[in-house]
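Each chain, letter by letter, is given below.
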Amino acid sequence: MNVSADHAPRSPQSPYDPRYDPLVNSTPGQGKAYAPTYWVGTAGTPPDDDGPVRADMEVDVAVVGSGFTGLCTALFLAREHGIRATVLEANQTAWGCTSRNGGQGQNASGRLYRSQWIARWGRETALRLDREIREGFDTFKSLVTEFPECQPQPGGHLYIAHRDKKMDFLRNEARVMREVFGYDTRMLSRGEVHERYVRDAECSGALHEPDGIGVHPLKLAFAYQRAARALGVAIHTASPVTRFEGSGGRYLLHTPGGVVRARAVAFATGGYTSNALHPRLRNKILPILSNSLVTRVLRDEEIEATGFRTHEVITDTRTLRFYYRLLPDRRVQIGSRSSITGADAPNPRHLGLLIDGLHRKFPALRGIDIDYSWWGWVDVSHDMMPRITQPDPAEQVFYALGYGGNGVSFSAHAGRRMAQRVAGKAPPVLDLPIYAGELEYPNAFDLVRSPLLAPMRRLGQRFLYRWYYLRDERL
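Residues numbered from 1 in each chain as written. Predicted model: local features only at pLDDT ≥ 70, side-chain atom pairs only at ≥ 80, totals over all residues. Heavy atoms only, no water.

### What to know about the state of the cysteines
Phase 1 of the analysis: The final tally for this structure, using the stated rule, is zero disulfides.
Phase 2 of the analysis: For the unlinked cysteine Cys 97, the closest cysteine sulfur is that of Cys 72, found at 14 Å.
Phase 3 of the analysis: Taking the relative accessible area as the measure of exposure, Cys 97 reaches 25% and is therefore partly exposed.
Phase 4 of the analysis: The thiol sulfur of Cys 150 is not disulfide-bonded, and the nearest other cysteine sulfur, from Cys 72, lies at 11 Å. (Disulfide = S-S within 2.5 Å. Buried < 20%, exposed > 50% of the residue type's maximum accessible area, 1.4 Å probe, protein only.)

### Quick word on the sheet that holds strand S6 (residues 205-209)
Phase 1 of the analysis: Strand order in this open sheet of eight strands is S5-S6-S4-S13-S14-S15-S12-S16, and the pairing throughout is mixed. Both outer strands of the open sheet, strand S5 (186-189) and strand S16 (370-381), are each paired with one neighbouring strand and no more. Across the sheet, the mean angle from the axis of one strand to that of its neighbour is 20 degrees, orientation sign disregarded.
Phase 2 of the analysis: Direction of pairing for strand S13 (residues 313-316) relative to strand S14 (residues 323-326): antiparallel, over a ladder of two bridges. Considered in S14, the bridge of Thr 315 is made with Tyr 323.
Phase 3 of the analysis: Packing against the sheet, helix H5 (residues 167-179) makes contact with strand S4 (157-160), S5 and S6, and its axis sits at approximately 20 degrees to S6.
Phase 4 of the analysis: On the sheet, helix H12 (residues 457-474) packs against strand S12 (285-295), strand S15 (332-337) and S16 and is oriented at approximately 45 degrees with respect to S12. (Pairing = 2+ DSSP bridges. Helix = DSSP H or I, 4+ residues; strand = E, 2+ residues; numbered from the N terminus. Axes fitted to C-alpha atoms, helices over the stretch in contact; angles between N-to-C directions. Contact = heavy atoms within 4.5 Å.)

### Remarks on the confidence of the model for the chain
Phase 1 of the analysis: In this model, the chain carries a mean pLDDT of 96, and residues with pLDDT of at least 70 account for 97%.
Phase 2 of the analysis: Low pLDDT, under 50, characterises residues 1-9; the predicted model gives this stretch 27 contacts beyond four residues in sequence or across chains. (pLDDT = per-residue confidence, 0-100.)

### Regarding the layout of surface pockets
Phase 1 of the analysis: Reported here for the second largest pocket is a volume of approximately 230 Å³.
Phase 2 of the analysis: Broken down by element, the lining of the second largest pocket gets its largest block of residues, four residues, from H12.
Phase 3 of the analysis: In terms of residue class, the lining of the second largest pocket is built from three nonpolar, four polar and five charged. (1 Å grid on protein atoms, 1.4 Å probe; cavity = no way out; pocket = protein on both sides within 12 Å on 5 of 7 lines; lining within 4 Å. Points joined across faces, edges and corners; volume = space filled by probe spheres on them. Nonpolar A, V, L, I, M, F, W, Y, C, P; charged D, E, K, R; others polar.)

### Brief notes about the pattern of salt bridges
Phase 1 of the analysis: With the rule as written, the count across this model stands at 37 salt bridges.
Phase 2 of the analysis: A salt bridge links Glu 202 to Arg 318, with the shortest nitrogen-to-oxygen separation between them at 2.7 Å. With Glu 202 in the loop between helix H6 (190-196) and S6 and Arg 318 in the loop between S13 and S14, this residue pair connects regions lying 116 residues apart in the sequence.
Phase 3 of the analysis: Looking at Glu 202, the relative accessible area reads 15%, which means it is buried. (Salt bridge = Lys/Arg side-chain N within 4 Å of Asp/Glu carboxyl O.)

### Notes on the pairing of S14
Phase 1 of the analysis: Residues Tyr 323 and Arg 325 point to one face of S14 and Tyr 324 and Leu 326 to the other, with burial holding for every one of them.
Phase 2 of the analysis: Here S13 folds back onto S14 in antiparallel fashion, the turn holding six residues.
Phase 3 of the analysis: Pairing between S14 and S15: four bridges, direction antiparallel. Looking at the pairing, Tyr 324 lines up with Ile 334 of S15.
Phase 4 of the analysis: Taken together, S14 and the strand that follows it, S15, pair antiparallel across an intervening segment of five residues, in which Arg 330 is found at a positive phi of about 70 degrees.

### Topic: H5
Phase 1 of the analysis: The terminal C-alpha atoms of H5 lie 18 Å apart, and with 13 residues this matches the ideal 18 Å at 1.5 Å per residue to within 8%.
Phase 2 of the analysis: Within H5, the full set of buried residues consists of Met 167, Leu 170, Glu 173, Ala 174, Val 176 and Met 177. (Expected span 1.5 Å × (residues − 1).)

Right, here's the structure in full:
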C-alpha cells in the first residue's frame, strides 16, 4: 500500500499519530506530520507559513484552527473588513478535517434533510434556512472559480438508493426539494443511473440534484492560505492552544512558544476540538471517525466495467453512508464510517469494511490495489446541525462547528459569517437556528439534554451503529 507524500516538509515534524482521539487527548499534538492521505500525497509543496509562535504577542483577532473554516474566517476578515487575523494551528495547515475528507461540496450543511428542517422549525424558517445554505454554496462556488487549482469536478450530486426500499424516501425528498424549495431535482431509475452515470451494482435508483462540486480539498486550503497571507494574515503552525483564559475583550491563548493576547477569538477546530480547549465547547461535539481510501489509477477496461461516465460527487442512502467519486486522475475514492475510538482506529477490519463496500458496488474492482488509506474525525453536533455563533454576547468569543460531514462547501460561508460577527456586523440571518443558539449538550431520545450524558456517548454510539447496520442492510 502506497501512502507516500510527494511534498517536502517545511520544518521538522513529529510523527503522525494514528491513534489520536479528541475525547482522550488534551491537544492534537504539536507539529505532527499529516495523515497519509491522497490529498497530502498529491497537493505539492505546502505554501509558506509563519512558523511556530516563539514569543508572547498581542493580536487583534486570533483564529484557532487552520482548516477550511479558520482559513476562510481569516481570509474574509482581511478581504471584507480590513482585519488581519492571526491563525493558530497545532500541527500543519489544514491538518485535521480539511486534509482528510472526501472533497464533496454539496448544497447542504449538517445531517438533517430539508424535509426534517420543515418538521423541526416550520416551513417559513426552513425556506429562510434554505436560502442561507444556498447562498453558502454560492460562496463556495465563487472561491472554487477563483482557485481552479483545486481541480473542481462540477455537475451535481447523485444520491443513490442502495436498496429498493429507499426509493420512497428519495421520491419524497425530491418532491420536497422541488415543490417547496424550487430545486431541479430528478428521480432516476436503476437503468438510467447505469447508462448515464455509474454502474453501482447496489443501485436501485437515485435522486439527482444540480448542485454539487468535487474538489481537491488540500489544494483548495493551500489556495486559501496563500490568499490570506498575501493580505497580511499570519498563520502560525506547530502552535497548539494549551490553555484559554480571559474575559471582557482580553483573552490569553497559551501555546508552547508563548502567550497570544487577543481582542477577539474565533474557534474553528472541527472534529479536533478538545474538551479542554474552551468551557463553552466542552461536550458540545461528538467526534466520529470516517475512513477513506483511494485506489490505483483505473485502466480503460475497468472504467468501462464500472460504468463511470461522471465525475460528480456520489453518496448512498445508508445512515452510515458511503461517499465516493471518480477522481480527475481516474482513481476511485470512497469513504464511510470507521472505528469508535482512536485507539481502535488502526484495526484492519475498518479498512476491510470499506474495501468490502467498494467490491460490492464495483465487483470489477475486486482485488484492485489500494494506494492510499486514512481516517479522520468528523464534528457531529448532538442535534445534527452546525452552529456559527457568539455564545455570550458580552464576550468576543466565537465558534463555527458541527457540520456533520457536510462542511466542505458550507465552511466557506461559515467563515464569512463568523468574520462578520467578529467584525461587529449583524446580518439579518442571525436569527436562524444555525446562528442564534449554541451547540447543544448530548441528549437521550431527544427528551433530556445534559452534559451528564457525555460519558455515555460512545456506549450509545456502539448501540446505534449496530442498529443502523441492521436497518440499512437487513430489515
